[in-house]
Amino acid sequence: MLYREAGQFKTNYVADQAIFPIRQDRIGMAIVLLFAWVIIPAFGTDYFLEIIMINFLFFSLAAIGLNILTGYTGLISLGTGGFMAVGAVASYKLAVIFPDLNIILVFLLSGLIAAAVGIVFGLPSLRIKGFYLAVATLAAQFFLDWLFLRFDWFTNSSTAIEGVPKTLFGFLVTGPDASPFAKYYVALGFVTVFALIAKNLVRSAIGRAWMAIRDMDIAAEIIGIRPLPTKLLAFAISAFYSGVAGSLMLFLFYDSAEPDLFDINLSFKVLFMVIIGGLGSILGSFMGAAFIVMIPILLTLAPDLLGLPISSDLAKHLEFMIFGALIIFFLIVEPNGLARLWQITKEKLRLWPFPY
Amino acid sequence: MTAATLERSAPPAQSEAPTPNARRNFSEELLKVEDISLSFGGVKALTNISFDIRKHEIRAIIGPNGAGKSSMLNVINGFYHPQVGTITYKGQARSQMRPHEAAKTGIARTFQNIALFKGMSTLDNIMTGRLLKMRRNFLWQALYWGPALKEELEHREKVEAIIDFLEIQAIRKTPVGRLPYGLQKRVELGRALAMDPELLLLDEPMAGMNVEEKEDMCRFILDVNDEFGTTIALIEHDMGVVMDISDRVVVLDYGRLLADGTPDEVRANQQVIDAYLGVSHD
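Keep in mind the model is a prediction, meaning the values are calculated, not measured.

1. A closer look at the interface of chain B and chain A
On the chain A side, the residues contacting the 36 residues of chain B number 31 residues. Across the chain B to chain A interface the summed buried area is about 3100 Å²; carbon plus sulfur atoms make up 66%. Taken together, the links from chain B to chain A amount to four salt bridges. One salt bridge in this structure joins B:Glu152 and A:Arg208, with 2.9 Å as the shortest N-O distance. On inspection of chain B and its partner chain A, the count reaches eleven residue pairs in polar contact (both at pLDDT 80 or more). Put simply, the parts of the chain that give the side of chain B that touches chain A at least two residues each are helix 2 (99–104), helix 3 (122–128), helix 4 (138–143) and helix 5 (147–166) of chain B. Of all the elements, helix 5 of chain B adds the most residues to the side of chain B that touches chain A, at five residues. Split into classes, the residues belonging to the side of chain B that touches chain A amount to 19 nonpolar, six polar and eleven charged.

Below is the structure:
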């Protein structure tokens, strides 16, 4: 009875094209935003804000980026870690070279630099598809890894890149001394704005062009979609999101990181988020990120909460096993990801308590 | 399929003689192919094909399987590049053209095996057909506001007109992968129509349909031709349909042009009877 759209009539196309056409969805979104912007910062502990929420937020941004490329445009990429590294290194260099540059501009410019790199590594996508493209993007990952380790200009001759302390509106928002509270709001601001932009992109003409390329590239071409610019734009925007996520990861979470943090494992992690969350869904990106970030943390905390005296080694191994089993379980139950599961739930709710 | 169900609504001047194949007068050439030869390695798909398509007519291309009909459509909309021959479209000769350029000049098509975007809704599929007409760049689209929203709504209105025309209002928001075959064909026609084409290429629009679905599809094709003035070239195997709705027919066999003329001429042509139509034994 709760989720029923009966009686909600659209009398113009503006209402029908709205981002959340169904009233219950709008209310749900308002509640989520209220939680994110007011309740969590008001009641969350530093540990919760930093280790769980900020971690979740920058991974969501990276997952949205990869979802645009893999879920919406159908181009499998294993280069996300590399593009995040470009973002992180670029923001570090920019913050050091231009000390007066606003931190928001630093993040955005790093994203643009990552986008340029993404375009270069997206060029092979015109000719190759599927698994072969995944291998080609793997080249991007390894090349960028190697580049940042080999040339110490990128790390200013040290072994690590650092989150330079910066202020925004008089508050210290980055670096080791910034409060988790301030960092959380910066991360949340970026994720809110860019999630909205991503949602707008995928429901307008460019999003339809991406999906057309994904679903049937020959037909897309005959309609007049030019494959190369369309795919490259997807690569650029995806790399932009990854780059910003990489900057946030360095400046708001790790504070100091060696470039090899952004290795192939990171690429896989983001790819798993997208697959488990749901390909071709912005909501799914959040769900996937939440799943991959939060489940291990919960599993680590579980023995203590349950009062089970098990050794930390055993706990760690159990965590891996349960986590792996959960991934397999979800992929068997719903190969299209958590977002699809949520959609099915909503369809069931519309009919509840009647069977049909 | 009876002739009566498909009777062409003849133009007013000829209305006193509403025979199924009432000939209309077409003079202006829209597209002309001359001496087209296309081969894939040693396989000759098309050999010295020449014919024309005149403005506002319904032109059928028929022939046995493997005769080169689909290849011919692929040549016309730039998907295949013939080794020899020229194509003159709207008075401009060309030899090479990319598919998206063909789309820009007003050539739309549907496919023999449905080529819809399966993950998208009916509405989105047809909206994709409007893509070339949308001018706002992705930065505006990212805002989904102001000019971008206005443009989106303008095109939505055009698309809704097509949805009304094809009578598919009920499946507007349904992902096309879930639709039955006949409706998918209809959505594909809608997507082609959304391009406001001058020349519409239909590759077996009625394949695999039952009689009612065929009647519907014929009605849509004739209406498109009449109301929007769209020139139509179609490939079809149902001879009843072809003879009823087309103005002129081209017959291909083994990549060669076998005959070209009105349905009556083609039906009487001995070569066509031997190669394709056969004779009835009753």
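2. Focus on helix 5 (residues 103–122) of chain A
Since the α-helix packs 3.6 residues into each turn, any two residues three or four apart lie on the same face. All names here are of chain A. An ideal rise of 1.5 Å per residue puts 28 Å on 20 residues; helix 5 measures up with 28 Å between its terminal C-alpha atoms. Every buried residue belonging to helix 5 is among Ile103, Val106, Phe107, Ser110, Gly111, Ala114, Ala115, Val117, Gly118, Phe121 and Gly122, and all of these are buried. The elements touched by buried residues of helix 5 are helix 4 (80–97), helix 6 (130–150), strand 2 (167–168), helix 7 (180–202) and helix 10 (227–254). Near the N-terminus of helix 5, the side chain that reaches the backbone nitrogen of isoleucine 104, with its oxygen 2.7 Å away, is that of asparagine 102.

3. Structural notes on the layout of surface pockets
Here the idea is plain: a probe the size of a water molecule rolls over the atoms and shows the empty space left. In this structure, the second largest pocket encloses a volume near 670 Å³. For the second largest pocket, the lining is made up of 25 residues, of which A:Gly224, A:Arg226, B:Leu131, B:Leu132 and B:Met134 are closest to its centre. For the lining of the second largest pocket, a count of residues per class yields twelve nonpolar, seven polar and six charged. Counting residues domain by domain, the lining of the second largest pocket receives three or more from each of domain 1 (1–9 + 29–106 + 197–282) and domain 2 (115–180) of chain B.

4. Some details on the environment of A:Thr45
Tracing the chain through its elements places A:Thr45 in the loop between helix 2 (23–43) and helix 3 (46–72). Once the C-alpha coordinates of A:Thr45 and A:Pro180 are considered, the two residues, 135 residues apart in sequence, prove to be 9.0 Å apart.

5. Things to note about the domain arrangement of chain B
Residues and elements named next belong to chain B. Looking at chain B, the domain boundaries give domain 1 (1–9 + 29–106 + 197–282) and domain 2 (115–180). Put simply, the middle of domain 1 and the middle of domain 2, counted by C-alpha atoms, are 29 Å apart. Counting residues at the interface gives eight residues for domain 1, matched by four residues for domain 2. Both faces considered, domain 1 and domain 2 share a buried interface measuring about 480 Å² in area, 77% of it formed by carbon and sulfur atoms.

6. Here's the deal with the pattern of salt bridges
Residue and element names in this part refer to chain B. Under the defined criterion, the tally for this structure stands at 30 salt bridges over all chains. The shortest N-O distance in the salt bridge between aspartate 260 and arginine 59 comes to 2.9 Å. Of the two residues, aspartate 260 is situated in strand 10 (residues 256–261) and arginine 59 in strand 3 (residues 58–62); the sequence distance between them amounts to 201 residues. A cluster of three or more residues bridged by salt bridges with shared partners is formed by Asp52, Arg54, Glu57, Arg59, Arg248 and Asp260.

7. What to know about a nonpolar patch on the surface
All names here are of chain A. A cluster of nonpolar side chains, namely Leu306, Leu308, Ile310, Leu314, Leu318, Met321 and Ile322, defines an oily patch on the protein surface of about 630 Å² accessible area. Top element by residues in the nonpolar patch is helix 13 (residues 312–333). It accounts for four residues. For leucine 308, the position within the fold is in the loop between helix 12 (282–306) and helix 13.

8. A short note on the packing of helix 2 of chain A against helix 7 of chain A
Residues and elements named next belong to chain A. Orientation of helix 2 relative to helix 7, taken along the N-to-C sense of each, is 175°, at an axis distance of 11 Å. In terms of axis orientation, helix 2 runs roughly antiparallel to helix 7. Every residue of helix 7 that contacts helix 2 at Leu33, Ala36, Trp37, Ile40 and Pro41 is listed here: Phe181, Tyr184, Tyr185, Leu188, Gly189 and Thr192. Partitioned by chemical class, the residues of the contact of helix 2 with helix 7 number nine nonpolar, two polar and no charged.

9. A word on the packing of helix 3 of chain A against helix 10 of chain A
All names here are of chain A. For the pair helix 3 and helix 10, interaxial distance at closest approach is 7 Å and the crossing angle is 165°. In terms of axis orientation, helix 3 runs roughly antiparallel to helix 10. Between helix 3 and helix 10 lies a crossing whose hand is left-handed. Residues Glu50, Ile51, Ile54, Asn55, Phe58, Leu61, Ala62, Ile64, Gly65, Leu66, Ile68 and Leu69 of helix 3 form the contact with helix 10, whose own contacting residues are Ala234, Phe235, Ile237, Ser238, Tyr241, Val244, Ala245, Leu248, Met249, Leu252 and Phe253. Looking at the contact of helix 3 with helix 10, its residues break down into 19 nonpolar, three polar and one charged.

10. Observations regarding the packing of aromatic side chains
The final tally for this structure, using the stated rule, is 26 aromatic pairs over all chains. With a centroid separation of 5.3 Å and 50° between ring planes, the pair formed by B:Phe165 and B:Phe228 is classed as tilted. Here B:Phe165 is found in helix 5, whereas its partner B:Phe228 is found in helix 7 (residues 211–228), with 63 residues between them in sequence. Residue classification places B:Phe165 among the buried residues on the basis of a relative accessible area of 15%. Put simply, the rings of A:Phe107, A:Phe190, A:Phe194, A:Phe240, A:Tyr241 and A:Phe251 touch in pairs and so form one group of aromatic residues. Against the face of A:Phe320 rests A:Lys316, its NZ or CZ located 5.7 Å from the ring centre. When the ring centre of B:Phe220 is taken as origin, the NZ or CZ atom of B:Arg219, which lies over that ring, is 5.0 Å away.

11. Some words on the nonpolar core
A:Tyr184, A:Trp210, A:Tyr241, B:Leu200, B:Ile221 and B:Leu234 are the most contacted members of the largest nonpolar core, which totals 160 residues. Domain assignment of the residues forming this core places at least three in each of domain 1 (1–9 + 29–106 + 197–282) and domain 2 (115–180) of chain B. Leaving out residues up to four positions away in the same chain, A:Tyr184 has contacts with A:Ala36, A:Ile40, A:Pro41, A:Leu49, A:Met53, A:Ile54 and A:Leu57. In terms of nonpolar packing, the next biggest core, distinct from the first, is built from 27 residues, B:Ile61, B:Ala67, B:Ile87 and B:Ile107 among them.

12. A look at the sheet that holds strand 1 (residues 29–40) of chain B
Residues and elements named next belong to chain B. The four strands lie next to each other as 2-1-4-5, forming an open sheet whose pairing is antiparallel. Each edge of the open sheet is held by one strand with a lone partner, namely strand 2 (43–54) and strand 5 (92–94). When strand polarity is set aside, the average angle formed by the axes of neighbouring strands in this sheet is 20°. Where strand 4 (residues 84–89) meets strand 5, three bridges bridge the pair, whose relative direction is antiparallel. Of the residues in strand 5, the one forming a bridge with isoleucine 87 is arginine 94. Sheet contacts for helix 1 (residues 69–76): strand 1, strand 2, strand 4 and strand 5; angle to strand 2, the most-contacted strand, approximately 65°.

Cut-offs applied
Residues numbered from 1 in each chain as written. Chains lettered and ligands numbered in written order. Predicted model: local features only at pLDDT ≥ 70, side-chain atom pairs only at ≥ 80, totals over all residues. Heavy atoms only, no water. Contact = heavy atoms within 4.5 Å. Buried area = accessible area lost by both parts, 1.4 Å probe. Salt bridge = Lys/Arg side-chain N within 4 Å of Asp/Glu carboxyl O. Polar contact = N/O pair within 3.5 Å; in protein donor to acceptor, adjacent residues only side chain to side chain. Helix = DSSP H or I, 4+ residues; strand = E, 2+ residues; numbered from the N terminus. Nonpolar A, V, L, I, M, F, W, Y, C, P; charged D, E, K, R; others polar. Expected span 1.5 Å × (residues − 1). Buried < 20%, exposed > 50% of the residue type's maximum accessible area, 1.4 Å probe, protein only. 1 Å grid on protein atoms, 1.4 Å probe; cavity = no way out; pocket = protein on both sides within 12 Å on 5 of 7 lines; lining within 4 Å. Points joined across faces, edges and corners; volume = space filled by probe spheres on them. Domains from an automatic or database assignment. Patch = residues over 30% accessible without salt bridge, like charges linked within 9 Å, V, L, I, M, F, W, Y side chains within 5 Å. Areas by Shrake-Rupley, 256 points an atom, 1.4 Å probe, with all protein chains shown as cover. Axes fitted to C-alpha atoms, helices over the stretch in contact; angles between N-to-C directions. Parallel < 35°, antiparallel > 145°, perpendicular 65-115°, else oblique. Left-handed = near helix turned anticlockwise from the far one by under 90°. Phe/Tyr/Trp six-rings, centres within 6.5 Å; stacked < 30°, edge-to-face > 60°. Lys NZ or Arg CZ within 6 Å of the ring centre and 35° of its normal. Core = buried A, V, L, I, M, F, W, Y, C linked by side-chain atoms within 4.5 Å. Pairing = 2+ DSSP bridges.

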